[in-house]
Amino acid sequence: MAARPPGGGSSEPEAIEFGIAVLDARIEEAGVSFPATSEEIVGALDDPEIPYDAAGRTVSLDAVLDELPQRQFENETELLDAVYPVFDEKRRTSGGVLSALRDALPF
């Protein structure tokens, strides 16, 4: 006999969003129109803190965009493609020894 799952919710676990998923949602909410400059995007979103890992560590959008050589984005996809490596680097370098070990293991 199998035990029943806890009631009151879906069987799917809650997803934790961070990085470009959060930025994408905030851009949609703010109705940012493209093409846009870094300054216009930061201004439209009021320079939000964006979580970059599942632990909830954040970085300001202005700081992320400052790491890019590009200042003008033709569309949202171009922006998200440009900022992805910045979020990924922050995620990989912020977790400490345990996260590095976990990332190195094949399972």
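Residues numbered from 1 in each chain as written. Predicted model: local features only at pLDDT ≥ 70, side-chain atom pairs only at ≥ 80, totals over all residues. Heavy atoms only, no water.

K.L.:
Explain the side chain of aspartate 53 here, please?
P.N.:
You can see aspartate 53 is positioned in the loop between strand 2 (49-51) and strand 3 (58-60). Here glycine 56 takes part through its backbone nitrogen, which lies 3.1 Å from a polar atom of the side chain of aspartate 53. Polar side-chain contacts of aspartate 53 include one of 2.5 Å to the side chain of arginine 57. Other than its neighbours up to four places away in sequence, aspartate 53 contacts Phe18, Arg91 and Ser94. (Helix = DSSP H or I, 4+ residues; strand = E, 2+ residues; numbered from the N terminus. Polar contact = N/O pair within 3.5 Å; in protein donor to acceptor, adjacent residues only side chain to side chain. Contact = heavy atoms within 4.5 Å.)

K.L.:
Just to check I follow, could you spell out the pattern of salt bridges for this structure?
P.N.:
Pairing between side chains becomes possible if they bear opposite charge and their charged atoms approach one another. All told, the structure shown has five salt bridges when counted by the stated rule. A salt bridge links glutamate 67 to lysine 90, with the nearest nitrogen and oxygen atoms 3.5 Å apart. Of this pair, glutamate 67 sits in the loop between helix 3 (61-66) and strand 4 (72-73) while lysine 90 sits in helix 4 (residues 76-94), and the two are 23 residues apart along the sequence. Given a relative accessible area of 48%, glutamate 67 falls into the partly exposed group. (Salt bridge = Lys/Arg side-chain N within 4 Å of Asp/Glu carboxyl O. Buried < 20%, exposed > 50% of the residue type's maximum accessible area, 1.4 Å probe, protein only.)

K.L.:
How should I be thinking about helix 2 (residues 38-45) in this particular structure?
P.N.:
Think of an α-helix as 3.6 residues a turn; residues three or four steps apart then line up on the same face. Looking only at helix 2, the buried set comprises Ser38, Ile41, Val42 and Leu45. Mapping the buried residues of helix 2 onto a view down its axis gives an arc of 95°, with all of them on the same face. Helix 2 presents Glu39 and Gly43 as exposed residues on the side facing more than 90 degrees away from its buried surface. Looking at the buried residues of helix 2, the elements they touch are helix 1 (20-30), strand 1 (36-37), helix 3, strand 4 and helix 4. Positioned one or two residues after helix 2, aspartate 46 has a phi angle of 60°, which is positive. (Arc of directions from axis to C-beta.)

K.L.:
Got a minute to help me understand helix 4 in this structure?
P.N.:
In this model helix 4 runs 26 Å from its N-terminal to its C-terminal C-alpha over 19 residues, within 8% of the 27 Å that 1.5 Å per residue would give. By the largest-angle criterion, valine 83 marks the main kink of helix 4, which is about 30°, and a proline, proline 85, follows within four residues. Within the span of helix 4, buried status applies to Glu76, Leu79, Leu80, Ala82, Val83, Val86, Phe87 and Asp88. At its buried positions, helix 4 is contacted by helix 1, helix 2, strand 2, strand 3, helix 3 and strand 4. The N-cap residue of helix 4 is asparagine 75: its side-chain oxygen and the backbone nitrogen of threonine 77 are 3.2 Å apart. (Expected span 1.5 Å × (residues − 1). Bend = angle between axes of the 7 residues up to and from the residue.)

K.L.:
I'm lost on the nonpolar core in this one. Help?
P.N.:
Side chains of nonpolar character tend, in soluble globular proteins, to be buried together. Judged by nonpolar contacts, the single largest core of 22 residues is most densely connected at Leu23, Ile41, Leu61, Leu65, Val83 and Phe87. At the level of secondary structure, the elements contributing two or more residues to this core comprise helix 1, helix 2, helix 3 and helix 4. Examining the composition of this core, we find that six residues originate from one element, helix 4, more than from any other. Look past the residues within four positions of isoleucine 41 in its chain and what remains in contact with it is Val32, Phe34, Ala36, Leu61, Phe73 and Leu79. (Core = buried A, V, L, I, M, F, W, Y, C linked by side-chain atoms within 4.5 Å.)

K.L.:
Please explain the confidence of the model for the chain as it appears in this structure.
P.N.:
Do not read the fine detail of predicted coordinates wherever pLDDT is low. Of the residues in the chain, 74% have a pLDDT of 70 or more, and the chain-wide mean is 83. Counted against residues more than four places away or in other chains, residues 1-5, with its pLDDT under 50, gives zero contacts. (pLDDT = per-residue confidence, 0-100.)

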